[in-house]
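# Report on the structure
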Amino acid sequence: MTDSRKSLTVFLAAALLLALFPLVGGTFYVQLFVKVMILAIFAMSLDLLIGYTGLVSFGHAAYFGLAGYALALLGPQYEAASLWWSLPAAMAVCALFALVTGLLVLRTKGIFFIMVTLAFAQMLFFFFHDSKYGGGSDGIYIYNKPTLSIGGFALADLEKIEHFYWLVLVLMLAVFLLLRRALGSTFGRALVGIKVNEHRMQALGFPVFRYKLASYVLAGTLGGLSGYLAAVQFGFVNPEILSWHQSGAVMMMVILGGMGTLYGPVLGAFAFVLLQEAFSNQAWFGDWAKHWQLAMGMFVILVALYLPRGLAGLIARKAQPAVEADEDKAEEKAGDKP
């Protein structure tokens, strides 16, 4: 079986298992998996910057929070907004913010890029925290989940956790396939080339700044998608979702799962959230559960030391002997032919 066929089989099997999970899982675990899949979209969007373009952004939470506030502020206060216009509107707001800020931050590099992206995110944080537009530090409630209907016929009732779960699953798979297609194209190969040697790509005639800006805007737009879904799930937005803590958490997911892979951030999101739930379980760890951040930090340090390519690298390492065995068999068969 070729690598592409194996990857397709694993992808379809994982998608099928996730699709069937609401039929057997309890409400708490279904909601937990919804949260994980939303964060997986968020992590994949950041990995596009860090893992493929070589841009380490520490302000990616700006798009996560901005989309949530866009839903809360653009939609009617006591009525349900339509998903058909509210989701594109929230993503468009994030795309515009990414375009405007990207024209500025991409003129910096290294530590300066990190600090400028953080600065823009903190500007948004204090704008919503200190002004009445976003409810101040108290935030805003979203009383009704968006509607998903065509011509008066409801395609799904997002108030039902199972329906919302399947919507998030479809969007997560769509983002995965979109990024896989984009990164497998000339655009994706150019991004990897820019990450490895930007000056060489510029010498070859590639419009490096435009490629980086396109990657930055796409990452911000997809980050907005995850923030919109999180606002729908929790029905509440506040300035904390814009803070540097949120940017740091999603960066840890990318590092934990493995940078430069699409499935790595998904694995990192699942591992991060599930480990957080496990370490903070007082039934298992008693009073030590209050210090779950310490255990999580130690786990991430161990992964960084012994698995520099993250959980995705561990899977690739286990799969490598099987690939080498298949290659040896193929060489033996080729040698037997006259």
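Described below are features of the structure shown in this document.

Analysis parameters
- Residue numbers here run from 1 along each chain, matching the order of that chain's written sequence.
- In keeping with the model being predicted, local features are shown solely for residues with a pLDDT of at least 70 and side-chain atom pairs are shown and tallied solely at 80 or more, while totals for entire chains, interfaces and linings include all residues.
- The side-chain figures draw on all heavy atoms in the structure; neither hydrogens nor water molecules are used.
- Helix and strand assignments come from DSSP, with helices taken as H or I runs of at least 4 residues and strands as E runs of at least 2, each series counted from the N terminus.
- Here the globule rule is a power law, 2.2 Å times the number of residues to the power 0.38, and the radius of gyration is based on C-alpha atoms.
- In this analysis, two residues are considered to be in contact whenever any of their non-hydrogen atoms come within 4.5 Å of each other.
- Residue burial considers only the protein chains on display, and all accessible areas are found by Shrake-Rupley using a 1.4 Å probe.
- Patches here are clusters of residues that have more than 30% relative accessible area and form no salt bridge, with a 9 Å joining cutoff for like charges and a 5 Å cutoff for nonpolar side chains (Val, Leu, Ile, Met, Phe, Trp, Tyr).
- In the sections that follow, a salt bridge refers to a side-chain nitrogen of Lys or Arg positioned within 4 Å of a carboxyl oxygen of Asp or Glu.
- One bridge is not enough; two strands pair if DSSP finds at least two bridges between them.
- Only protein chains enter the area calculation, which uses a 1.4 Å probe; residues under 20% of their type maximum are buried, those over 50% are exposed, and those in between are partly exposed.
- To estimate the expected span of a helix, count its residues, drop one, and scale the result by 1.5 Å.
- Remark: nonpolar core denotes a set of buried residues (Ala, Val, Leu, Ile, Met, Phe, Trp, Tyr, Cys) joined through side-chain atoms within 4.5 Å.
- Pairing of aromatic rings covers Phe, Tyr and Trp, the last through its six-membered ring, and needs centres within 6.5 Å; plane angles under 30 degrees mean stacked, over 60 mean edge-to-face, and all others mean tilted.
- As a rule, the C-alpha atoms of each element are fitted with a line to give its axis, helices using only the stretch in contact, and angles between N-to-C directions run from 0 to 180 degrees.
- Should an angle fall under 35 degrees it is called roughly parallel, over 145 degrees roughly antiparallel, and 65 to 115 degrees roughly perpendicular, with every other angle called oblique.
- Just so you know the grouping, Ala, Val, Leu, Ile, Met, Phe, Trp, Tyr, Cys and Pro go in nonpolar, Asp, Glu, Lys and Arg go in charged, and all remaining residues, Gly too, go in polar.

### Some points on the overall build of the protein
- When you go through the protein residue by residue, the secondary structure sums to 14 helices and 4 strands.
- Compactness check: the protein gives a C-alpha radius of gyration of 21 Å against a globular reference of 20 Å for 338 residues, within 12% of the reference.
- Long-range pairs, those at least 24 residues apart, make up 76% of the contacts in the protein with a sequence separation of at least 6.
- When the accessible surface of the protein is summed, it comes to about 17800 Å², and 66% of that surface belongs to carbon and sulfur atoms.

### Examining a nonpolar patch on the surface
- Judged by side-chain polarity, Leu16, Leu20, Leu23, Val24 and Trp166 come together as a nonpolar surface patch covering roughly 520 Å² of accessible area.
- Sorting elements by how many residues they give to the nonpolar patch places helix α1 (residues 3-24) first, with 4 residues.

### Thoughts on the pairing of strand β3 (residues 153-156)
- For strand β2 (residues 148-150) and β3, the ladder comprises 3 bridges, and the chain directions are antiparallel. Across the sheet, the residue bridging to isoleucine 150 is phenylalanine 153, located in β3.

### Notes on the pattern of salt bridges
- By the definition in use, this model includes 2 salt bridges.
- Across the pair glutamate 198 and lysine 109 runs a salt bridge, and its minimum N-O distance is 3.7 Å. Residue glutamate 198 is located in helix α8 (residues 198-203), and its partner lysine 109 is located in the loop between α4 (83-105) and α5 (111-130); the two are separated by 89 residues in the primary sequence.
- Between glutamate 198 and lysine 212 there is a salt bridge whose closest N-O contact spans 3.5 Å. One end of the pair, glutamate 198, is in helix α8; the other, lysine 212, is in helix α9 (residues 208-234), with 14 residues separating them in the sequence.
- Given the relative accessible area of 4%, lysine 212 is considered buried.

### Focus: α9
- Taking 1.5 Å per residue as the helical rise, α9 with its 27 residues ought to reach 39 Å, and the 39 Å between its terminal C-alpha atoms agrees with that figure.
- In terms of burial, α9 is a largely internal element, 22 of the 27 residues being buried.
- Glycine 235 sits one or two positions beyond α9 and adopts a positive phi of about 65°.

### Details of the nonpolar core
- Core analysis: the largest hydrophobic core is formed by 108 residues, its most contacted members being Tyr165, Met172, Tyr228 and Leu229.
- For this core, the element with the most residues is helix α2 (residues 27-53), which contributes 18 residues.

### Overview of the side chain of histidine 60
- The topology assignment puts histidine 60 in the loop between α2 and α3 (61-74).
- Looking at histidine 60, the relative accessible area reads 1%, which means it is buried.
- In this structure, histidine 60 is in contact with Phe42, Ser45, Leu46, Leu49, Ala219, Gly220, Gly223 and Ser247, ignoring residues within four places of it in sequence.

### Some details on the environment of glycine 220
- Inspection of the secondary structure assignment puts glycine 220 in helix α9.
- You can call glycine 220 buried: its relative accessible area is 0%.
- Leaving out residues up to four positions away in the same chain, glycine 220 has contacts with His60, Tyr63, Cys94 and Ala98.

### Points about the packing of aromatic side chains
- Evaluated as defined, the whole model comprises 18 aromatic pairs.
- Between phenylalanine 21 and phenylalanine 33 the ring centres are 4.4 Å apart and the planes differ by 15°, which places this aromatic pair in the stacked class. Remark: phenylalanine 33 occurs in helix α2 and phenylalanine 21 occurs in helix α1; sequence separation between them is 12 residues.
- Overall, the relative accessible area of 15% leaves phenylalanine 33 in the buried class.
- Seen in terms of ring centroids, phenylalanine 187 and tyrosine 211 are 5.9 Å apart; in terms of plane orientation they differ by 25°. Their pairing is stacked.

### Comments concerning α5
- Spanning 20 residues, α5 covers 28 Å between terminal C-alpha atoms, matching the ideal 28 Å at 1.5 Å per step.
- Turning to α5, the residues buried within the fold contact α3, α4, α9 and α10 (244-257).

### Describing the packing of helix α7 (residues 186-196) against α9
- Packing of α7 against α9 leaves a shortest axis separation of 10 Å and a crossing angle of 110°. The pairing of α7 with α9 is recorded here as roughly perpendicular in orientation. Residues Phe187, Ala190, Leu191 and Ile194 of α7 pack against Val208, Tyr211, Lys212, Ala214 and Ser215 of α9.
- Across the contact of α7 with α9, the residue classes tally to 7 nonpolar, 1 polar and 1 charged.

### Concerning the side chain of glutamine 276
- By the element assignment, glutamine 276 lies in helix α11 (residues 263-279).
- Apart from the residues within four sequence positions on either side, glutamine 276 is in contact with Trp292 and Met296.

### A word on the environment of phenylalanine 206
- Relative to the helices and strands, phenylalanine 206 is located in the loop between α8 and α9.
- Looking at phenylalanine 206, the relative accessible area reads 28%, which means it is partly exposed.
- C-alpha separation for the pair phenylalanine 206 and proline 239, spaced 33 residues apart in sequence, amounts to 39 Å.
- Among all residues touching phenylalanine 206, those that are not within four sequence positions of it are Ala190, Met201 and Tyr211.

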